[in-house]
Amino acid sequence: MPQNDAISLADALSDAARRPGRFIWSVETQVALAELTNGSSLEGSLEELRGRSVLILTRHQLTAALALIQIDGIARRLILCPPDLNAKHLPLVMATASVDAVVSDYAPADVGALDGARFISCAARVTPTAAARGAERPTEWILFTSGTSGPPKMVSHTLGSLAGAISLGSRLAGAIVWSTFYDIRRYGGLQIFLRALIGGGSLVLSSAEESTADFLARAGSHAVTHITGTPSHWRRALMSGAAQRIAPQYVRLSGEIADQAILDSLRAQYPRATIAHAFASTEAGVGFEVEDGFAGIPASFFEGAAHGVKLRVDDGSLRIRSARTARHYLGAENAPLLDAAGFVDTGDILELRDGRYYFSGRRGGIINVGGLKVHPEEVEAVINRHPRVQMSLVKSRKNPVTGAIVVAEIVLKPETAAAAADENAALKTEILENCHRALAAHKVPAAIRIVPSLEVTPSGKVARPNA
Amino acid sequence: MPVSVRSTILSQFEQVAREQNRKLAPLSDDLVLMDSGLDSLCFAIVVARLEDSLGFDPFGATEDARFPVTLGDFIAFYEDAAK
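Residues numbered from 1 in each chain as written. Chains lettered and ligands numbered in written order. Predicted model: local features only at pLDDT ≥ 70, side-chain atom pairs only at ≥ 80, totals over all residues.

(A) Molecular detail of the packing of helix 9 (residues 231–239) of chain A against helix 10 (residues 260–269) of chain A. Residue and element names in this part refer to chain A. Running from N to C, helix 9 and helix 10 cross one another at 45°; their axes reach a closest spacing of 11 Å. Considered as vectors, helix 9 and helix 10 are oriented oblique to each other. Between helix 9 and helix 10 lies a crossing of left-handed hand. Here Pro231, Trp234, Arg235 and Leu238 of helix 9 lie close against helix 10, whose contacting residues are Ile262, Ser265, Leu266 and Gln269. Grouping the constituent residues of the contact of helix 9 with helix 10 by class yields five nonpolar, two polar and one charged. (Axes fitted to C-alpha atoms, helices over the stretch in contact; angles between N-to-C directions. Helix = DSSP H or I, 4+ residues; strand = E, 2+ residues; numbered from the N terminus. Parallel < 35°, antiparallel > 145°, perpendicular 65-115°, else oblique. Left-handed = near helix turned anticlockwise from the far one by under 90°. Contact = placed C-beta atoms within 7 Å. Nonpolar A, V, L, I, M, F, W, Y, C, P; charged D, E, K, R; others polar.)

This is the structure in structure tokens:
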């Protein structure tokens, strides 16, 4: 990671004081990054965390952000808890990660059994302190993987692997204001937090308590220039009636398949912005970014190793090898994260068509219709092409004849949603005709239901019943 | 007057055959389903649609449902479940 040789976030921020006007904004408050040069949000001494394995468990993103900036480079290991971490898994997490200190904005009693770990509370404000930072060491970053309902899986990163995709060039660009629909305590959001800090910009944090329209208005009021989210986040933004409240230069989609419909909708909404879709995961790191406005990945990305990332397709799925992948899972019971050649299997299935690779779904998410496979995502991509469809969810329904059959739920665009029942019947027929033209018969939904909304998981992806 | 189970089933057979470009045999109670011109995917779709329009799935209601052989069996199976 030659471009990011900072040993810690504080190191990377050491010039922050010389650059006024850099902020982290939350719904409630704001913190100037310069305040952290001679200040602390931690109650007590940072020295108490030196060499420890520190669990960062917070109610608010801002308190986590401030804690990360201070603790990185001091702690031996930091464990960043996602907002939806189930409290019942906490003892397992603490044991697996050998936690001996907890930094939190909760009251100690609310955190539960500390099991002898040192408790340090952290605030959403910075108070001046005279203490010098002292010597630094690289800290191991432990992140939680997304999308499992069982016990959480933790992976090991370093600041180097996390920041590997952030180029120095962005430091030179003018006043960059980043924002993201993601929570920064998950990989996708953490990337944006690091980009804002290391790249010399500011950051507008999202909030789970805030509506999409309010968030967009607030991001707009801070003149956001770069903003990221999942395709589901963006569909919600386009439905919110507040998409015009921001005028970004750069819009990025990741975390789910970006189909042509959502790319085109964003292009129409933000004609001057670069619309990019990217692949990143907690395990595989930031893989690549596609900026040509088209869905899918140019096959040329798989030749050579651009930016130190080697991509390949093996047994149908995308494999990534780079310095940005996580190193290993935490906990002995987990399988190796990297294969013998150092690749991470993303589990995302790719298909090559006309010189581009397209994601067709997850390896585990396949619907089996009488022995024939269907990836829900490829059907959703066809449904989403209809101009009245905002988003869709294709799922399996048990069937006595074929074992399972494909059904779809769709959400209509707000301006076209209120329609008479017979119009909706005609719409369903049109969608089915589109599906029949584009897909094999077993992939065409047997039934389509129009629903007011679809559940989106805390990580911003359409909730899949079997995922 | 409520639409009968029978007519709902018959119209689904016709609609699915049309959608799947199948030539449907003349529908009569003694028509063997496998000779109707519909394949198993078509039947799967018919059953899924009937669950939506009638609000129940007789196949899901019984543990070891035998698949009906004739169209008459099929209709009776649904009519019994509707009682």
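Still to come is the rest of the account.
(B) Unusual backbone geometry, seen in detail. All names here are of chain A. Look at Ser98: it is not a glycine, yet its phi comes out positive at around 50°. Mapped onto the elements, Ser98 comes out in the loop between helix 3 (90–96) and strand 6 (101–104). Residue Ser98 is classed as partly exposed on the basis of its C-beta count, with 13 C-beta atoms lying within 10 Å. For Asp315, which is not glycine, the phi dihedral falls at a positive 50°. Tracing the backbone through its elements, the reader meets Asp315 in the loop between strand 17 (310–314) and strand 18 (317–321). (Buried ≥ 20, exposed ≤ 12 C-beta atoms within 10 Å, placed from the backbone.)

(C) Molecular detail of the interface of chain B and chain A. Taken together, the contact pairs 14 residues of chain B with 14 residues of chain A. Of all the elements in the fold, those that place two or more residues in the side of chain B that touches chain A are helix 2 (40–54) and helix 3 (58–61) of chain B. Here the residues of the side of chain B that touches chain A sort into eight nonpolar, three polar and three charged.

(D) View of the environment of Pro108 of chain A. Residues and elements named next belong to chain A. As for its placement among the helices and strands, Pro108 is situated in helix 4 (residues 108–111). Overall, the presence of 12 C-beta atoms within 10 Å leaves Pro108 in the exposed class. Note: C-alpha distance between Pro108 and Gly347 (239 residues apart in sequence) is 39 Å.

(E) Molecular detail of the sheet that holds strand 23 (residues 389–399) of chain A. Residue and element names in this part refer to chain A. Spatial strand order, 23-24-25: three strands in an open sheet with mixed pairing. Here the strands that pair on one side only, and so sit at the sheet edges, are strand 23 and strand 25 (447–450). Strand-to-strand twist in this sheet, taken as the mean axis angle between neighbours without regard to direction, amounts to 25°. Here four bridges tie strand 24 (residues 403–412) to strand 25, and the two strands are oriented parallel to one another. (Pairing = 2+ DSSP bridges.)

(F) Here's a closer look at helix 2 (residues 61–71) of chain A. Residue and element names in this part refer to chain A. By the criterion of burial, helix 2 is predominantly enclosed, with eleven of the eleven residues buried. Here helix 2 has its buried residues at Gln61, Leu62, Thr63, Ala64, Ala65, Leu66, Ala67, Leu68, Ile69, Gln70 and Ile71. After helix 2 finishes, the residue Gly73 shows a positive phi value of roughly 95°.

(G) Broad picture of the sheet that holds strand 9 (residues 154–158) of chain A. Residues and elements named next belong to chain A. Reading across from one edge, 3-7-6-4-5-8-9 is the order of the seven strands in this open sheet, with mixed pairing throughout. Strands with a single pairing partner mark the edges of an open sheet, and in this sheet they are strand 3 (39–42) and strand 9. Direction aside, the axes of adjacent strands within the sheet are offset by 30° on average.

(H) Geometry of the domain arrangement of chain A. All names here are of chain A. Domain boundaries in chain A define domain 1 (2–353) and domain 2 (366–450). Between the C-alpha centres of domain 1 and domain 2 the distance comes to 34 Å. The dominant element in the side of domain 1 that touches domain 2, judged by the number of residues it contributes, is helix 9, at three residues. Grouping the constituent residues of the side of domain 1 that touches domain 2 by class yields four nonpolar, one polar and two charged. (Domains from an automatic or database assignment.)

(I) Fine view of the nonpolar core. Core analysis: the largest hydrophobic core is formed by 153 residues, its most contacted members being Val54, Ile56, Ile79, Val103 and Val406 of chain A. Summarising the domain contributions, this core has at least three residues from each of domain 1 (2–353) and domain 2 (366–450) of chain A. (Core = buried A, V, L, I, M, F, W, Y, C linked by C-beta atoms within 7 Å.)

(J) Representation of the packing of helix 1 (residues 5–19) of chain B against helix 2 of chain B within the structure. All names here are of chain B. In contact at an axis separation of 10 Å, helix 1 and helix 2 are set at 140° when each is read in the N-to-C sense. Between helix 1 and helix 2, the crossing angle belongs to the class labelled oblique. Note on packing geometry: the crossing formed by helix 1 with helix 2 is right-handed. Where helix 1 approaches helix 2, its residues Val5, Thr8, Ile9, Gln12, Phe13, Val16 and Ala17 are matched on the opposing element by Cys42, Ile45, Val46, Arg49, Leu50, Ser53 and Leu54. Tallied by class, the residues present in the contact of helix 1 with helix 2 amount to ten nonpolar, three polar and one charged.

(K) Main features of the environment of Arg186 of chain A. Residue and element names in this part refer to chain A. By secondary structure assignment, the location of Arg186 is in the loop between strand 10 (177–180) and helix 7 (187–198). Its 23 C-beta neighbours within 10 Å are what place Arg186 among the buried residues. Separated by 165 residues in sequence, Arg186 and Glu351 place their C-alpha atoms 28 Å apart.

(L) Representation of the pairing of strand 10 of chain A in the model. All names here are of chain A. Alternating residues of strand 10 divide into Val177 and Ser179 and Trp178 and Thr180, and every residue in both groups is buried. In the sheet, strand 10 pairs with strand 11 (residues 202–204) via three bridges, with the strands oriented parallel. Pairing of Ser179 across the sheet is with Val204, part of strand 11. A crossover links strand 10 with its parallel partner strand 11, the connecting element being helix 7, and its sense is right-handed. When strand 10 meets strand 12 (residues 226–229), the two strands line up parallel, connected through three bridges. The partner of Ser179 across the bridge, within strand 12, is Ile227. (Right-handed = clockwise from strand over helix to strand, strands pointing away.)

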